[in-house]
Amino acid sequence: MIYPIVKFGDPVLERQADPVTEFDGALKKLVEDMFESMYAAHGIGLAAPQIGIAKRLAVIDITFKEDPDAKLVLANPEIIHKEGKQSQNEGCLSIPEFREPVTRARKVTVRAQDINGQWFEKSGEDLLARAFLHETDHLNGKLYISHLSALKRDLMKRKIRKLMKAGQW
Ligand SMILES: [Zn+2]
């Protein structure tokens, strides 16, 4: 099932999501739906709040279907190590049409549970590190625009409010 992507302005994107506690068939179905919804929206990462579900769950595939082994499920993820710096354009399915350079750590280690509830650690560099940070932020109610300067962020919010008024958001 393909869920519509929740856009900026919906409070579900700006609250702390709740821990995943049941690693059952319903979770497996939700993860499948999240991958499907992410691919349909042409994304490489999706957090559950972005489909209106306030759970600490995210899916990532930075290869966009090219490598099945690149599909990652992160339940209850925590960033346990960060190093270096990178600055690249970043976007978000919940803030369509906008992209801004964001400085983040270049190498990141995440600790999370898989679909069966098994804890694992995984390190990523560059785009994967960025995806770990971006998706984990989502689960803490934080959007990438919070990493921009106040000036840039306010400008973006003004543009979004205009789109909302025009019924184009
Ligand atoms: Zn996002």
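Residues numbered from 1 in each chain as written. Predicted model: local features only at pLDDT ≥ 70, side-chain atom pairs only at ≥ 80, totals over all residues. Heavy atoms only, no water.

A.B. asks: Sorry, what's going on with the pairing of strand β2 (residues 57-60) here?
C.D. replies: Within a regular strand, side chains alternate between the sheet's two faces. Taking every second residue as pointing to the same face, both faces of β2 are buried, with Leu57 and Val59 on one and Ala58 and Ile60 on the other. Where strand β1 (residues 45-47) lies against β2, 3 bridges are found, and the strand directions are antiparallel. Paired with leucine 46 across the strands is valine 59, a residue of β2. As paired elements, β2 and strand β3 (residues 72-83) share 4 bridges and run antiparallel to each other. The residue of β3 that forms the bridge with alanine 58 is leucine 74. (Buried < 20%, exposed > 50% of the residue type's maximum accessible area, 1.4 Å probe, protein only. Helix = DSSP H or I, 4+ residues; strand = E, 2+ residues; numbered from the N terminus. Pairing = 2+ DSSP bridges.)

A.B. asks: Looking at this model, I keep getting lost on the side chain of serine 37. Mind explaining?
C.D. replies: Positionally, serine 37 belongs in helix α1 (residues 25-40). Given a relative accessible area of 1%, serine 37 falls into the buried group. Reaching out from serine 37, the side chain makes a polar contact with the backbone oxygen of aspartate 33 at a distance of 2.7 Å. (Polar contact = N/O pair within 3.5 Å; in protein donor to acceptor, adjacent residues only side chain to side chain.)

A.B. asks: Help me out: how do you make sense of the side chain of glutamate 100 in this one?
C.D. replies: As for its placement among the helices and strands, glutamate 100 is situated in strand β5 (residues 100-104). At 3.3 Å, the side chain of glutamate 100 forms a polar contact with the side chain of lysine 152. Non-local contacts of glutamate 100, meaning those with residues more than four positions away in its chain, are made with Gln88, Asn89, Glu90, Tyr144, Leu148, Lys152 and Met156. (Contact = heavy atoms within 4.5 Å.)

A.B. asks: What am I meant to see in the sheet that holds strand β6 (residues 107-113) here?
C.D. replies: Each strand in a sheet pairs with another by means of backbone hydrogen bonds, the pair being arranged parallel or else antiparallel. Ordered in space as β1-β2-β3-β6-β7, the 5 strands form an open sheet in which the pairing is antiparallel. On the outer flanks of this sheet lie β1 and β7 (119-125), each paired with one strand and no other. Adjacent strand axes in the sheet meet at a mean angle of 35°, parallel and antiparallel pairs treated alike. Packing of α1 onto the sheet brings it into contact with β1, β2 and β3, and relative to β2 it is tilted by some 45°. In this fold helix α2 (residues 126-139) packs onto β1, β2, β3, β6 and β7, with an angle of close to 125° to the strand it touches most, β7. (Axes fitted to C-alpha atoms, helices over the stretch in contact; angles between N-to-C directions.)

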